[in-house]
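Breakdown of the fold
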Amino acid sequence: MKEGVSMKTKGILFIISKEQLKPNLQHVANEVAKQLSVPFKIYFFKEENRLEEDVLELIAKGCHEIIFLPVSLFSSTEIRETLPKRISAILAQRTNVTPTFLKPLGSTHAILHFLAAQLAQQANLLPQGVLLIAQANLNDAAIYDELKDLAQKLTIISGRKVYFASVSGNFSYHSVIAQLKSPLLVQPLLIDTTLARKVTSEIGTLRGQQDTILPSLGESQVLKKALWERLKEVGGIKSSP
C-alpha cells in the first residue's frame, strides 16, 4: 500500500528540445510513457507557455516530485541552465513539490553497450578507427566533453581509436575525415534516419567505399532502453502491468 502511494507522488515530464527531431523523439517518449504507472507529460521546449501548464497539471494529479527527463543524447544550455531556472520560478510558491533533473541519455549504459556491441561485431576489421557523428553543437564545452567521454570509453572497451565529430559546424565530420586517410567504422549517433543516410551517403561520395557504415541509433530500440535506465535511477517508477 505504501509503495503505491509513493509511486503516485511522482510525475514524469519528458523534455524534447530539438525541434527538428520532434516527431522521432515524441514517438520514443510515447512508447515509454504508455507503459508508466505514474502521471506524465511530454513537453516541447519551444512551447514556453506550456511548461507551467504541464507542471501544474502534474501537481493537480497529486505529484509531489516531478522528474524532468531530457529525451536527448547530450545536454544543452536549455537543458542545463534555462530549464532549472524556469522550474525554480514556477515552483517558488510550491515548496511541497520537489524537482528532479535527470541527465541526458548519451552517458547511459544502454547507449555505451549498444555502441560497444556494434563495434564488437566488426572484430575482423581491427585495427580500424571509429568515427562517431553526432547532431550536436560541439562549440558547447559541456556537450564536447560528454561526447569526448563517450569516445574515450569506447576506445578502452573496443581497443580502437575513436574519433568524434558533429554533422555541421567547426567540428564537422568533413573536417575530421579530411585528416583521416585510413578506412573507418562510421557510427552515426543520429536519431533521424533520413539525416543518417544523407551523411553516410556523402561520406561515400567523398571517400569511396572504403569505410564501413554501422546502423544509426534511430534504427534501434536503444533510446527506449536508455530512457528506462534513467527512470530506474529515480526509484519508485514502474511500468504498468
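Residues numbered from 1 in each chain as written. Predicted model: local features only at pLDDT ≥ 70, side-chain atom pairs only at ≥ 80, totals over all residues. Heavy atoms only, no water.

With that settled, the discussion passes to the pattern of salt bridges. A side chain of one charge can pair with a side chain of the opposite charge when the charged atoms of the two come close. By the definition in use, this model includes 13 salt bridges. With its nearest N and O atoms 3.2 Å apart, the salt bridge here joins arginine 80 to aspartate 140. Of this pair, arginine 80 sits in helix 4 (residues 77-90) while aspartate 140 sits in the loop between strand 5 (129-134) and helix 6 (141-158); the two residues are 60 residues apart in sequence, bridging distant segments of the chain. Exposure remark for aspartate 140: the relative accessible area of 10% places this residue in the buried category. (Salt bridge = Lys/Arg side-chain N within 4 Å of Asp/Glu carboxyl O. Helix = DSSP H or I, 4+ residues; strand = E, 2+ residues; numbered from the N terminus. Buried < 20%, exposed > 50% of the residue type's maximum accessible area, 1.4 Å probe, protein only.)

Residue position: serine 166 is located in strand 6 (residues 162-166). If we skip the residues at most four places from it in the chain, serine 166 touches Ile133, Ala134, Ala136, Leu138, Phe171, Ser172 and Tyr173. (Contact = heavy atoms within 4.5 Å.)

Turning our eyes to something else, we now look at the pairing of strand 7 (residues 184-189). Most of strand 7 sits inside the fold, with six of its six residues counted as buried. The alternating pattern of strand 7 places Leu184, Val186 and Pro188 and Leu185, Gln187 and Leu189 on opposite faces, both of which are buried. Taken together, the six bridges between strand 5 and strand 7 define a ladder with parallel strand orientation. Bridging across to strand 7, glycine 129 finds its partner in leucine 184. One ladder, built from two bridges, connects strand 7 with strand 8 (residues 212-213); its direction is parallel. Along strand 8, the bridge assignment pairs valine 186 with isoleucine 213. (Pairing = 2+ DSSP bridges.)

This part covers the nonpolar core. Ranked by internal contacts, the top residues of the largest apolar core, which has 51 residues, are Phe14, Leu36, Leu132, Leu147, Leu154 and Leu189. Per element, the largest residue contribution to this core is seven residues, and it comes from helix 5 (residues 109-120). Counting residues in hydrophobic clusters, the runner-up holds 16 residues, among them Leu13, Phe45, Ile66 and Ile90. (Core = buried A, V, L, I, M, F, W, Y, C linked by side-chain atoms within 4.5 Å.)

Here we come to the packing of helix 5 against helix 9 (residues 222-234). Interaxial distance between helix 5 and helix 9 falls to 8 Å at its minimum, and their mutual angle equals 145 degrees. Packed against helix 5, whose contacting residues are His109, Ala110, Ile111 and Phe114, the element helix 9 presents Val222, Leu223, Lys225, Ala226 and Glu229 at the interface. Split into classes, the residues belonging to the contact of helix 5 with helix 9 amount to six nonpolar, one polar and two charged. (Axes fitted to C-alpha atoms, helices over the stretch in contact; angles between N-to-C directions. Nonpolar A, V, L, I, M, F, W, Y, C, P; charged D, E, K, R; others polar.)

Attention shifts here to the packing of helix 3 (residues 48-60) against helix 4. Remark: helix 3 packs on helix 4, axes separated minimally by 11 Å, with the N-to-C direction vectors making an angle of 50 degrees. Judged on the interaxial angle alone, helix 4 and helix 3 are oblique. When the axes of helix 3 and helix 4 are compared, the crossing they make is right-handed. For the pair formed by helix 3 and helix 4, the contact residues are Glu48, Leu51, Glu52 and Val55 on the first element and Leu83, Arg86, Ile87 and Ile90 on the second. Along the lines of polarity and charge, the residues of the contact of helix 3 with helix 4 split into five nonpolar, no polar and three charged. (Parallel < 35°, antiparallel > 145°, perpendicular 65-115°, else oblique. Left-handed = near helix turned anticlockwise from the far one by under 90°.)

This part takes up the packing of aromatic side chains. Under the counting rule described, the total for this entry stands at four aromatic pairs. With a centroid separation of 5.2 Å and an interplanar angle of 70 degrees, the aromatic rings of tyrosine 144 and phenylalanine 164 are classed as edge-to-face. Here tyrosine 144, found in helix 6, pairs with phenylalanine 164, found in strand 6; they are 20 residues apart in sequence, far enough to count as distant. When its relative accessible area of 27% is taken as the criterion, tyrosine 144 is described as partly exposed. Here phenylalanine 164 falls in the buried class, since its relative accessible area comes to 17%. Between tyrosine 144 and phenylalanine 171, the ring centres sit 5.4 Å apart and the planes meet at 55 degrees, which makes this aromatic pair tilted. In this pair, tyrosine 144 sits in helix 6 while phenylalanine 171 sits in the loop between strand 6 and helix 7 (173-177), placing the two residues 27 residues apart along the sequence. In this structure phenylalanine 171 comes out as partly exposed when scored by relative accessible area, which is 31%. Cluster of aromatic residues (ring-pair linked, three or more members): Tyr144, Phe164 and Phe171. Geometry around phenylalanine 44 places lysine 22 over its ring, the cationic atom sitting 4.2 Å from the centre. Here arginine 86 stacks its cationic end above the ring of phenylalanine 45, 5.2 Å away from the centre of that ring. (Phe/Tyr/Trp six-rings, centres within 6.5 Å; stacked < 30°, edge-to-face > 60°. Lys NZ or Arg CZ within 6 Å of the ring centre and 35° of its normal.)

With that settled, the discussion passes to the sheet that holds strand 5. Taking strand neighbours across the sheet as the criterion, the four strands line up as 6-5-7-8 in an open arrangement whose pairing is parallel. The open sheet has two free edges, formed respectively by strand 6 and strand 8, since each of these has just one partner strand. Where strand 5 meets strand 6, five bridges bridge the pair, whose relative direction is parallel. Within strand 6, the position partnered with leucine 131 by the bridge is tyrosine 163. Against the sheet, helix 6 contacts strand 5, strand 6 and strand 7, and its axis sits at roughly 155 degrees relative to strand 6.

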